[in-house]
Amino acid sequence: MAKLTQLIDNEVFWAYATYTTIVLLKMMLMSPVTAYFRITRKAFANPEDTASLGKGESAKKFLRTDPDVERVRRGHLNDLENIVPFLGIGLLYTLCGPELSSALLHFRIFAGSRILHTFAYLIPLPQPSRGLSWAVGYVVTISMAYQVLKTALYL
């Protein structure tokens, strides 16, 4: 088993850390984007969020869904469904000792596909742009998982 000092000196690990940070920051930015859309569309999910807009019945009209807010929320949910598996599988992939060039290719394509997916969701771009960007990231994660299983097959 690799020692922690070996991992810290590993270029592949630092590439993983870099691209993981990028996709996590991108995912974190979805929260303020959701808040922006909630505020500008005056569409809130909780009664206490409407306190500054009125009281009683006048505030209840702001407890509603909005298509733009829901679109942002679906994009954020899609990030959770795809970035979380990338984090785990990417770390295991890193520990399998791939070539730096191969690892960078995987990490860069995944990060780029997730960023493109977000733009395709928020703008929205016509299909199949969103579907293709999702599929590319998904295939990258599956590719890393295959490499992990191929390297350390203990089934």
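Each value, and the rule that gives it
Residues numbered from 1 in each chain as written. Predicted model: local features only at pLDDT ≥ 70, side-chain atom pairs only at ≥ 80, totals over all residues. Heavy atoms only, no water. UniProt positions renumbered as here; feature names shortened; annotations may be inferred. Salt bridge = Lys/Arg side-chain N within 4 Å of Asp/Glu carboxyl O. Helix = DSSP H or I, 4+ residues; strand = E, 2+ residues; numbered from the N terminus. Buried < 20%, exposed > 50% of the residue type's maximum accessible area, 1.4 Å probe, protein only. Axes fitted to C-alpha atoms, helices over the stretch in contact; angles between N-to-C directions. Parallel < 35°, antiparallel > 145°, perpendicular 65-115°, else oblique. Left-handed = near helix turned anticlockwise from the far one by under 90°.

An unreviewed UniProt entry lists the protein under the name Microsomal glutathione S-transferase 1, with Columba livia given as the organism. According to the UniProt record, the Catalytic activity (unreviewed entry) comment for the protein reads "RX + glutathione = an S-substituted glutathione + a halide anion + H(+)". Under Sequence similarities (unreviewed entry), UniProt gives the following word-for-word description of the protein: "Belongs to the MAPEG family."

Asks: I'm lost on the pattern of salt bridges in this one. Help?
Replies: Two side chains with opposite charge may pair up if their charged atoms get near one another. Scanning the model with the defined rule gives five salt bridges in all. Put simply, R41 and D68 hold a salt bridge, and the shortest N to O gap is 3.0 Å. With a gap of 27 residues between them, R41 in helix α2 (residues 11–41) and D68 in helix α4 (residues 67–95) connect regions that are remote in the sequence. A relative accessible area of 33% places D68 in the partly exposed class. Of the charged contacts, one joins R114 and D79 as a salt bridge, the two residues approaching to 2.8 Å between their closest N and O atoms. Taken together, the residues span a long stretch of sequence, with R114 in helix α5 (residues 100–122) and D79 in helix α4 at a distance of 35 residues. Residue class for R114 comes out buried when judged on its relative accessible area of 1%. In the salt-bridge network here, residues are joined through shared partners; they are K26, D79 and R114.

Asks: Could you clarify how one ought to interpret the UniProt feature "transmembrane region" (unreviewed entry) in the protein in this entry?
Replies: Taking the UniProt record as the reference, the feature "transmembrane region" (unreviewed entry) is found at residues 12–37. Helix makes up 100% of residues 12–37 and strand 0%. Its end C-alpha atoms lie 38 Å apart.

Asks: Whenever I open this one, the packing of α2 against α4 confuses me. Can you help?
Replies: Two quantities define a packed helix pair, namely the angle between the helix axes and the distance between the axes. Where α2 meets α4, the closest approach of the two axes is 10 Å, and the angle between their N-to-C directions is 165°. Our classification of the angle between α2 and α4 gives roughly antiparallel. Crossing angle aside, the handedness with which α2 passes α4 is left-handed.

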